[in-house]
2 protein chains.
Amino acid sequence: MPKPKPAGKRKSKSPKKSSPGRRAPEKVSPTRAEPKHLPWGSVELEELNPLLQRQFIVGKRLMVARLVLRKGCIIPLHSHHNEQVTCILEGALKFWIDGKEIVVQAGEVLTIPPHMPHKAEAVVDTIDLDVFDPPRKDWIDKTDLYLRAQR
Amino acid sequence: MPKPKPAGKRKSKSPKKSSPGRRAPEKVSPTRAEPKHLPWGSVELEELNPLLQRQFIVGKRLMVARLVLRKGCIIPLHSHHNEQVTCILEGALKFWIDGKEIVVQAGEVLTIPPHMPHKAEAVVDTIDLDVFDPPRKDWIDKTDLYLRAQR
């Protein structure tokens, strides 16, 4: 966690005031995290392709995402260093992972270790909560082309 | 972190497992992590008090828990170093946190930064998915007396 820096950008006007322990009062301390209360309905929704909608909420060390997949939606084979836990709320996703085919139904959970390649297909219309540690930088940066390139 | 173990597959019927729903994450080989597919119905359910049932699934760096709270169930004021994200699936929880009262309804999310004290009460019968990073050691060790001591 970065420490707050002593005040401002080194303007040359008053050299004596920058005492090292002094923090800039206008700066929000990064150690003053606040709780966030968010209805999913208020969170940006991305239409990544006609069969896939995604929202996510980012914390300090983890991210929770809500995916709505229409029947037939395919998440192509990919892997990431982030640990993933997939909780199916409605519908079902079929996974190809670790040499197996696994259908994860509503009320079921799949843990996906870091770096493990996986592919998925929505067997029916599906709502899925995915948890990642750490947050998916490629999702935040919108560089997740494997999801965006599809029909 | 976790100690190395010989690679082999862990079949779910392994005779040394004492209770079928309970997973011992520390026994999973860090060199050969496997995906885990778990219906919530197969996961050990703890009745912490007459108003509170809890299940959890532990990954390497995060934990997902499913809590069923009857109306009036109180989670006493407490804090922990773990980051928490609470996703209400059904019902509503009223939180006292950061000097505010916040009612989190079904379809809403509350992020709780590490070390932030919070208390909650089920406004109605509620189902809640809580995500923690890292996993809650006190839950795994069953030393979470703040939850167990209540009526």
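Now for a description of the structure that goes with this document. (Residues numbered from 1 in each chain as written. Chains lettered and ligands numbered in written order. Predicted model: local features only at pLDDT ≥ 70, side-chain atom pairs only at ≥ 80, totals over all residues.)

This brings us to the overall build of chain A. Per the secondary structure count, chain A includes two helices and eleven strands. In chain A, the order of α-helices and β-strands from amino to carboxyl end is β-β-β-β-β-β-β-β-β-β-β-α-α. Here chain A holds 151 residues, and 28% of them are scored as buried. Considering only contacts within chain A whose residues lie at least 6 apart along the sequence, 61% involve residues at least 24 apart. (Helix = DSSP H or I, 4+ residues; strand = E, 2+ residues; numbered from the N terminus. Buried ≥ 20, exposed ≤ 12 C-beta atoms within 10 Å, placed from the backbone. Contact = placed C-beta atoms within 7 Å.)

Glancing now at the relation of the copies chain B and chain A. Mapping chain B onto chain A calls for a screw motion: a turn of 180° about the axis and a shift of 0.0 Å along it, with 0.0 Å RMSD after fitting. A rotation of that kind, with that shift, is consistent with a two-fold axis. Comparing interface residues between copies, 100% of those in chain B also lie at the interface in chain A; the contact surface is shared. (Least-squares fit on C-alpha atoms with pLDDT ≥ 70 in both.)

Let's shift gears to the sheet that holds strand β4 (residues 63–69) of chain B. Spatially, β1(A)-β9(B)-β6(B)-β11(B)-β4(B)-β3(B)-β2(B) is the arrangement adopted by the seven strands of the open sheet, whose pairing is antiparallel. Looking at strand neighbours, the two that pair on one side only are β1 (36–39) of chain A together with β2 (46–49) of chain B, the edges of this open sheet. The average undirected angle you get between the axes of adjacent strands in this sheet is 20°. Where β1 of chain A lies against strand β9 (residues 108–112) of chain B, four bridges are found, and the strand directions are antiparallel. Each bridged residue has a counterpart across the sheet, and for K36 of chain A the counterpart in β9 of chain B is T111 of chain B. (Pairing = 2+ DSSP bridges. Axes fitted to C-alpha atoms, helices over the stretch in contact; angles between N-to-C directions.)

With that settled, consider the pairing of strand β3 (residues 52–58) of chain A. Looking along a regular strand, one sees side chains alternate from face to face of the sheet. Residues and elements named next belong to chain A. Here three bridges tie strand β2 (residues 46–49) to β3, and the two strands are oriented antiparallel to one another. Looking at the pairing, E47 lines up with Q53 of β3. Where β2 folds back onto β3 in an antiparallel hairpin, the turn is made up of two residues. In this structure, β3 lies alongside strand β4 (residues 63–69), joined through seven bridges in antiparallel fashion. In the sheet register, I57 faces β4, and the bridge partner there is V64. The antiparallel pairing of β3 with β4 creates a hairpin that spans four residues between the two strands.

Next up on the list: the nonpolar core. The biggest cluster of nonpolar side chains holds 55 residues, and the ones touching the most others in it are L62, V64 and V131 of chain A together with L62, M63, V64 and V131 of chain B. Not counting residues up to four positions away in its chain, the partners in contact with V131 of chain A are L62, V64, Q84 and V85 of chain A together with L62, V64 and V131 of chain B. (Core = buried A, V, L, I, M, F, W, Y, C linked by C-beta atoms within 7 Å.)

To continue, consider the sheet that holds β2 of chain A. Backbone hydrogen bonds are what pair the strands of a sheet, in a parallel or an antiparallel way. Taken in spatial order, the seven strands line up as β2(A)-β3(A)-β4(A)-β11(A)-β6(A)-β9(A)-β1(B) in an open sheet, and their pairing is antiparallel. For this open sheet the edge positions go to β2 of chain A together with β1 (36–39) of chain B, each flanked by a neighbour on one side alone. On average, adjacent strands in this sheet sit at an angle of 25° to one another, irrespective of strand direction. Sheet topology places strand β6 (residues 83–90) of chain A next to strand β9 (residues 108–112) of chain A; four bridges connect them, and they run antiparallel. Note that in β9 of chain A the partner of V85 of chain A across the bridge is T111 of chain A.

This paragraph deals with the environment of P117 of chain A. Here P117 of chain A lies in the loop between β9 and β10 (118–122). Along the backbone, P117 of chain A and S79 of chain A are 38 residues apart, and their C-alpha atoms lie at a distance of 4.3 Å.

Each partner contributes residues to the interface: chain B has 33 residues there, and chain A has 33 residues. If you list the elements that add at least two residues to the side of chain B that touches chain A, you get β1, β6 (83–90), β8 (100–105), β9 and β11 (126–133) of chain B. Tallying contributions element by element places β9 of chain B first for the side of chain B that touches chain A, with five residues. The class makeup of the residues in the side of chain B that touches chain A is 20 nonpolar, five polar and eight charged. (Nonpolar A, V, L, I, M, F, W, Y, C, P; charged D, E, K, R; others polar.)

Look at the link from D133 of chain A to P134 of chain A: it is a cis peptide, with omega at -10°. Backbone geometry places D98 of chain B, a non-glycine residue, at a positive phi of 55°. Mapping D98 of chain B onto the fold places it in the loop between β7 (92–97) and β8. Take D98 of chain B: there are 15 C-beta atoms within 10 Å of it, and that puts it in the partly exposed class.

Attention shifts here to the pairing of β4 of chain A. Most of β4 of chain A sits out of view: seven of its seven residues are buried. In β4 of chain A, alternate side chains face the same way, and those of M63, A65, L67 and L69 of chain A on one face and V64, R66 and V68 of chain A on the other are all buried.

This part is about the environment of L62 of chain A. By the secondary structure assignment, L62 of chain A is in the loop between β3 and β4. L62 of chain A sits in the buried class, given 26 other C-beta atoms within 10 Å. The spacing of L62 of chain A and P134 of chain A is 72 residues in sequence and 5.0 Å in space, taken between C-alpha atoms. With sequence-adjacent residues up to four places away left out, L62 of chain A is seen in contact with V131, F132, D133 and P135 of chain A together with L62, E83, V85, V131 and D133 of chain B.

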